[in-house]
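Observations on the model geometry
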Amino acid sequence: MRLTKLEHAALILEEVGKRLFIDPGSFTTPLTSTEGAEAVVITHEHADHWTPEQLGRILDLNPDVPIYAPAGVASAATGINVTVVNAGDVVTAGPFTLRFFGGKHAVIHSSIPVVDNLGVLVNDELYYAGDSFTIPEGVEVDTLAVPAGAPWLKIAETIDYVLAVKPKRSFPTHEMVLSRAGKDMANARIQWATEQNGGEFFPLEPGDTLDL
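What comes next is a walk through the structure. Quick caveat: nothing in here was measured; it's all calculated off a predicted structure.

The rules behind the values
- Residues numbered from 1 in each chain as written.
- Predicted model: local features only at pLDDT ≥ 70, side-chain atom pairs only at ≥ 80, totals over all residues.
- Heavy atoms only, no water.
- Helix = DSSP H or I, 4+ residues; strand = E, 2+ residues; numbered from the N terminus.
- Rg over C-alpha atoms; globule rule 2.2 N^0.38 Å.
- Buried < 20%, exposed > 50% of the residue type's maximum accessible area, 1.4 Å probe, protein only.
- Contact = heavy atoms within 4.5 Å.
- Phe/Tyr/Trp six-rings, centres within 6.5 Å; stacked < 30°, edge-to-face > 60°.
- Core = buried A, V, L, I, M, F, W, Y, C linked by side-chain atoms within 4.5 Å.
- Expected span 1.5 Å × (residues − 1).
- Arc of directions from axis to C-beta.
- Pairing = 2+ DSSP bridges.
- Axes fitted to C-alpha atoms, helices over the stretch in contact; angles between N-to-C directions.

1. A word on the overall build of the protein chain
The number of helices and strands found in the protein chain is four helices and 14 strands. Relative to a compact globule of 212 residues, whose C-alpha radius of gyration would be 17 Å, the protein chain shows 16 Å and is just as compact. When burial is assessed residue by residue, the protein chain has 52% of its 212 residues classed as buried. Excluding contacts between residues fewer than 6 apart, the proportion of contacts in the protein chain whose partners are at least 24 apart in sequence is 57%.

Below is the structure:
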């Protein structure tokens, strides 16, 4: 399975010529070449993780592609067919097996509503928790997408998250809110935390790929 990291929180997984799109949002360059989409996963309703325009670019070439997301996304995505999933659900879409965890977005501030959020484990290989630090209980995570910067986190929480999950591999995501210096600092902390349990860190930039 090949991972391609796009800007911010967007990922593409490819397996036997099929693609899984995860969280193409407003901080991600408009998608092109979306053919071969087998499924789309949206972790939550915030615009940096999905927009109608980004979904439209996928649907234009793949009109019947299923979109899996929590209920909050289904409510927000007017006119778009979204299949609602919940924590504990397991879905098969072509060569991709999707297992969902969690349920709620991390708290940003008491004045800001906490929305639905689901983490997803793809093919028992890649885990991405969306905007949360949800640990997939009972799962050994081979590859972890690690949030590097956001209004809802501080780097100490990210470090503790990586130490708790103990992934074999990690890479940064959710980093478009950071400067170049901020990215480098976050990468160094994530690398340190990953290596404490024998894992390897990959400082992926937008457009970089990794074979899992």
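Once you've had a look at it, read on.
2. Quick word on the packing of aromatic side chains
Under the defined criterion, the tally for this structure stands at three aromatic pairs. Between the aromatic rings of F101 and Y127, the centroid separation amounts to 5.8 Å while the plane-to-plane angle is 90°, which identifies the pairing as edge-to-face. Taken together, the residues span a long stretch of sequence, with F101 in strand 8 (residues 96–104) and Y127 in strand 10 (residues 126–128) at a distance of 26 residues. One exposure class covers both F101 and Y127, and it is buried.

3. Details of the nonpolar core
Core analysis: the largest hydrophobic core is formed by 26 residues, its most contacted members being L13, L20, I22, Y68, L98, F100 and V122. Looking at this core, the elements with two or more residues in it are strand 2 (11–15), strand 3 (18–22), strand 4 (37–41), strand 7 (90–93), strand 8, strand 9 (116–122) and strand 10. Excluding residues that lie within four positions of it along the chain, V122 makes contacts with M1, L20, I22, F96, T97 and L98.

4. Considering helix 4 (residues 180–195)
The end-to-end C-alpha distance of helix 4 is 22 Å, a good match for the 22 Å that 16 residues give at a rise of 1.5 Å each. The complete set of buried residues in helix 4 reads G182, K183, A186, N187, I190, A193 and T194. One side of helix 4 holds all its buried residues, which, seen down the axis, span an arc of 130°. In the core, the buried residues of helix 4 are packed alongside strand 11 (143–147), helix 3 (155–165), strand 12 (169–173) and strand 13 (200–201).

5. Digging into the sheet that holds strand 13
Spatially, 7-8-9-10-11-12-13 is the arrangement adopted by the seven strands of the open sheet, whose pairing is mixed. Single-partner strands in this sheet number two, and they are strand 7 and strand 13. Sheet topology note: the strand 9/strand 10 ladder contains three bridges and is antiparallel. Residue pairing across strands places V122 opposite L126, the latter belonging to strand 10. Packed on one face of the sheet, helix 3 meets strand 10 and strand 11 and runs near 170° to strand 11.

6. Brief notes about the sheet that holds strand 3
For sheets, the rule is that strands pair by backbone hydrogen bonds, running either parallel or antiparallel. The seven strands are arranged 6-5-4-3-2-1-14 in an open sheet whose pairing can be described as mixed. Unpaired on one side and paired on the other, strand 6 (83–84) and strand 14 (209–211) mark the two borders of the sheet. Across five bridges, the pairing between strand 2 and strand 3 is antiparallel. Directly across from L11, in strand 3, lies its bridge partner I22. Strands strand 3, strand 4 and strand 5 (67–69) of the sheet are contacted by helix 1 (residues 52–61), whose axis makes an angle of about 160° with strand 4.

7. Some remarks on helix 1
Among all positions of helix 1, only Q54, L55 and I58 are buried. Here the buried residues of helix 1 occupy an arc of 95° about the axis, which is enough to place them on one side. Exposed and facing more than 90 degrees away from the buried side of helix 1 are E53 and D60. Residues of helix 1 that are buried make contact with strand 3, strand 4 and strand 5.

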